[in-house]
Amino acid sequence: KAGVTQTPRYLIKTRGQQVTLSCSPISGHRSVSWYQQTPGQGLQFLFEYFSETQRNKGNFPGRFSGRQFSNSRSEMNVSTLELGDSALYLCASSSQGSSYEQYFGPGTRLTVT
Amino acid sequence: QKEVEQNSGPLSVPEGAIASLNCTYSDRVSQSFFWYRQYSGKSPELIMSIYSNGDKEDGRFTAQLNKASQYVSLLIRDSQPSDSATYLCAVLWGDTGRRALTFGSGTRLQVQP
């Protein structure tokens, strides 16, 4: 079974721009969660999507948004980029069984200059 | 504020020894606990999940859970240099439909050849 895929793998943007990241979950997984990882803050939960609906949201500003499509693929968008948005953005998928085990993709490394 | 605490390390052990990694969490209601391994520059990889008190073994890995004391640990037997990585403890909070993983900051393990 193919794993979680994320595109692009690396991205360099300028402050004030916006960016869209994409995630394809493991086949059959309907839940997609997004995380931000930085050296200072560690892994922080952004939001979770299930069946095209945002089910849970972390403590991030409204500049961070996402969506999920009918095939479970998900995108996240960051508008008006700030230098502090430089991070590794990770997507994780889950089958939503009782175990709630999440499997991560390789991540997108975003650098804001 | 739900918290997951880990000693940042580095924890240094000789090859062949047992590495013991610990994690404490703040919410007694939590039911699901996970250990992830993250190599430098890579994404987290799920290595163990545990849901009930006691020990769970998988190869050289043993996860231990004590809900009364609110701690979960990971033992790695016969440690190998390839085990050198950061180990992240994750705790699942919330009710079905609004669950989210909270991660500790990770413990860096160094296995000396």
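Residues numbered from 1 in each chain as written. Chains lettered and ligands numbered in written order. Predicted model: local features only at pLDDT ≥ 70, side-chain atom pairs only at ≥ 80, totals over all residues. Heavy atoms only, no water.

**Digging into the interface of chain B and chain A**
Phase 1 of the analysis: Of the residues lining the interface, 16 residues belong to chain B; the matching set on chain A comes to 19 residues.
Phase 2 of the analysis: Regarding the contact of chain B and chain A, the summed buried area is about 1600 Å², with carbon and sulfur atoms giving 51% of it.
Phase 3 of the analysis: The interface formed by chain B and chain A contains zero salt bridges.
Phase 4 of the analysis: Across the contact surface, chain B and chain A share four residue pairs in polar contact (both at pLDDT 80 or more).
Phase 5 of the analysis: Those elements that place two or more of their residues in the side of chain B that touches chain A are strand E4 (32-38), strand E5 (45-50), strand E9 (85-93) and strand E10 (100-103) of chain B.
Phase 6 of the analysis: Here the side of chain B that touches chain A is composed, by residue class, of ten nonpolar, four polar and two charged. (Contact = heavy atoms within 4.5 Å. Buried area = accessible area lost by both parts, 1.4 Å probe. Salt bridge = Lys/Arg side-chain N within 4 Å of Asp/Glu carboxyl O. Polar contact = N/O pair within 3.5 Å; in protein donor to acceptor, adjacent residues only side chain to side chain. Helix = DSSP H or I, 4+ residues; strand = E, 2+ residues; numbered from the N terminus. Nonpolar A, V, L, I, M, F, W, Y, C, P; charged D, E, K, R; others polar.)

**Details of the packing of aromatic side chains**
Phase 1 of the analysis: Taken as a whole, this structure holds ten aromatic pairs over all chains when the rule is applied.
Phase 2 of the analysis: Their ring planes at 90° and their centres at 5.6 Å tell us that A:Tyr35 and B:Phe103 sit as a pair that is edge-to-face. Placement of A:Tyr35 in strand E4 (residues 31-38) and of B:Phe103 in strand E10 is noted, with the two residues assigned to different chains. Accessibility assignment for this pair places A:Tyr35 and B:Phe103 in one class, buried.
Phase 3 of the analysis: For the ring pair B:Phe34 and B:Tyr51, a centre distance of 6.0 Å and an interplane angle of 85° mean the geometry is edge-to-face. Highlighted residues: B:Phe34 in strand E4 and B:Tyr51 in the loop between E5 and strand E6 (54-58), separated in sequence by 17 residues.
Phase 4 of the analysis: For B:Tyr51, a relative accessible area of 26% puts it in the partly exposed group.
Phase 5 of the analysis: An aromatic cluster is defined as three or more aromatic residues linked by ring pairs; in this entry it consists of A:Tyr35, A:Phe45, A:Phe104, B:Tyr36 and B:Phe103.
Phase 6 of the analysis: Directly above the aromatic system of A:Phe50 lies the positively charged group of A:Arg55, at a separation of 4.4 Å from the ring centroid.
Phase 7 of the analysis: Between the NZ or CZ atom of B:Arg60 and the centre of the ring of B:Phe61, over which it lies, the distance is 5.6 Å. (Phe/Tyr/Trp six-rings, centres within 6.5 Å; stacked < 30°, edge-to-face > 60°. Buried < 20%, exposed > 50% of the residue type's maximum accessible area, 1.4 Å probe, protein only. Lys NZ or Arg CZ within 6 Å of the ring centre and 35° of its normal.)

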